[in-house]
Amino acid sequence: MFPIRILYAALLAGTGLVVTGSAAAAPDWSKAASRTITVVYPGVSPIEWIRKGVDHSGARGMKQGETCVNCHEKEAVDFGQRMATGQKIEPEPIKGKVGSIPVKVEATHDGTNIYLRFTWKQPPGGGPKMDPDNDVKLAFMLDAGKVELAHLGGCWSSCHNDVRTMPGVKGDKTKYVKDGSLASGVFYDLIQWQSKSNKGRDGYIADKRVMEGGKGLVDAKGEKKGDTWTVTFTRKLSPNGEGDINLESGKSYNFGFAIHDDHTHGRFHHVSFGYKLGIDADGDLKVTKQ
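A quick note: this is a predicted structure, and the numbers were derived from the prediction, not measured. Sequence order as written defines the numbering, with residues in each chain counted from 1. Restriction of local features to residues with pLDDT of at least 70 applies here, the model being predicted, together with a cutoff of 80 or more for giving and counting side-chain atom pairs; totals for whole chains, interfaces and linings are based on all residues. Values shown for side chains rest on all heavy atoms present in the structure; no hydrogens or waters enter the calculation.

Novice: Please give an account of the packing of aromatic side chains that cites residues and values.
Specialist: To pair, rings of Phe, Tyr and Trp, with the six-membered ring standing in for Trp, must have centres within 6.5 Å; the planes then decide the type, stacked if under 30 degrees apart, edge-to-face if over 60, and tilted in the middle. Considering all chains together, one arrives at 10 aromatic pairs under this definition. Where Phe118 meets Phe257, the ring centres are 5.0 Å apart and the plane angle is 55 degrees; that geometry is what we call tilted. Here the residue Phe118 occupies a position in strand β3 (residues 113–121), and Phe257 occupies one in strand β10 (residues 251–261), the gap between them amounting to 139 residues. With respect to burial, Phe118 and Phe257 carry one shared label: buried. Both rings, one in Trp156 and one in Phe273, keep their centres 6.0 Å apart while their planes meet at 15 degrees; by these two values the pair is stacked. With Trp156 in the loop between α6 (150–153) and β5 (188–194) and Phe273 in the loop between β11 (270–271) and β12 (275–279), this pair connects stretches of sequence that are 117 residues apart. When sorted by exposure, Trp156 lands in the same class as Phe273, which is buried. Ring pairs connect the aromatic residues Phe118, Phe140, Phe233, Phe255 and Phe257, which therefore count as one cluster. Helix and strand assignments come from DSSP, with helices taken as H or I runs of at least 4 residues and strands as E runs of at least 2, each series counted from the N terminus. Classification of residues uses two cut-offs on accessible area relative to the type maximum, computed with a 1.4 Å probe and protein chains only: under 20% is buried, over 50% is exposed, and between them is partly exposed.

Novice: So what about the pairing of strand β8 (residues 217–225)? Which residues, and what values?
Specialist: Pairing between two strands requires that DSSP report at least two bridges joining them. Examined bridge by bridge, β8 and strand β9 (residues 228–236) share 8 bridges and lie antiparallel to one another. Bridge assignment links Leu217 to a residue of β9, and that residue is Arg235. The turn joining β8 and β9, which pair antiparallel and follow one another in sequence, is formed by 2 residues; a positive phi near 65 degrees is taken by Gly226.

Novice: Can you explain the nonpolar core? Please cite residues and give values.
Specialist: If you look at the biggest cluster of nonpolar residues, it comprises 58 residues, and the most contacted ones within it are Val103, Phe118, Trp120, Phe140, Phe233, Phe257 and Phe273. In terms of residue count, the dominant contributor to this core is β10 (5 residues). A contact between two residues is defined here by any heavy atoms of the two lying within 4.5 Å. For Phe118, the contacting residues outside a window of four places in its chain are Val103, Lys104, Val105, Leu138, Phe140, Trp229, Thr230, Val231, Phe233, Phe255 and Phe257. Throughout, nonpolar core names a set of buried Ala, Val, Leu, Ile, Met, Phe, Trp, Tyr and Cys residues whose side chains join them through atoms within 4.5 Å. Ranked by size, the runner-up nonpolar core spans 11 residues in total, among them Val147, Ala150, Leu190 and Met211.

Novice: Give me helix α5 (residues 76–84): which residues, what numbers.
Specialist: Turning to α5, its buried residues are Ala76, Phe79, Gly80, Met83 and Ala84. Burial along α5 is one-sided: seen end-on, the buried residues are contained in an arc of 125 degrees. Where α5 is buried, its residues touch β1 (33–40), α4 (68–72) and β2 (100–109). Positive phi appears at Gly86, one or two residues downstream of α5, with a value of about 85 degrees. Here the arc refers to the directions that run from the helix axis out to each C-beta atom.

Novice: Any details on the side chain of His260? Residues and values, ideally.
Specialist: Among the secondary structure elements, His260 is positioned in strand β10. Setting aside anything within four residues of it in sequence, one finds His260 in contact with Asp135, Val136, Lys137, His265, Gly266, Phe268 and His269.

Novice: Any details on unusual backbone geometry? Residues and values, ideally.
Specialist: The backbone of Leu149 sits at a positive phi, close to 70 degrees, despite the residue not being glycine. Here Leu149 lies in the loop between β4 (136–143) and α6. Residue classification places Leu149 among the buried positions, given a relative accessible area of 15%. At Asn240, a position not held by glycine, the phi torsion is positive, near 55 degrees. Structurally, the position occupied by Asn240 is in the loop between β9 and β10. Take Asn240: its relative accessible area is 57%, and that puts it in the exposed class.

Here's what the structure looks like:
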């Protein structure tokens, strides 16, 4: 006779719901790749601003293939602080908001699933509760080399000056990518964890953001001990679902993540620069099998 949890998962398989809490064994984190990545407050810096040389001196470097992380990683703390305090490209600074958060990122795989763990200390809060339901959200995005500029700027290619929460925008347009479509493979694979439900959502960003349809997410859970958050994802390497990117051994993928801290939403998050996730391959975070 099949265990109840297996029968339940089978019944949900065709509903589009994300089934969390599966029996996937926890990895040996001592064998995982590890790197501290600083996420920064970006202010109003959509991709249009990034590419405009008059506003952003790094625009010329991007045209020559220079990545955002190579240019800004060492100055990330100062970079974020200037944005958060309104000294640069932030017309609505939030009192007390920190400009950056150092995050320990760990990753490994077992041939079937990839495991990602994010750990950081909770910064001081006190800002407006834009999202009253979730004090924290964490999302990561993957690109297989199809999204324009993703290899240089990570998830910045999905942030535009006409999306909701940008200054002066009255519409409700979500994040999107240029010429984005699932059929052409021009999309970001997107997985998000939310603190209220302590579960994940598996979607994508193409011509718009869609927060469902993926089949990759096995489990997403987080916990706060003292002032420290830990969020762990288990994702299939090759889910073959809508908006899923299959991760193959020997290949690298564009990777970035964001934290919505202190009940924020929209653009008021902290984001990483773009990094390379190498599956048994070279990358900023080399994910090896155990």
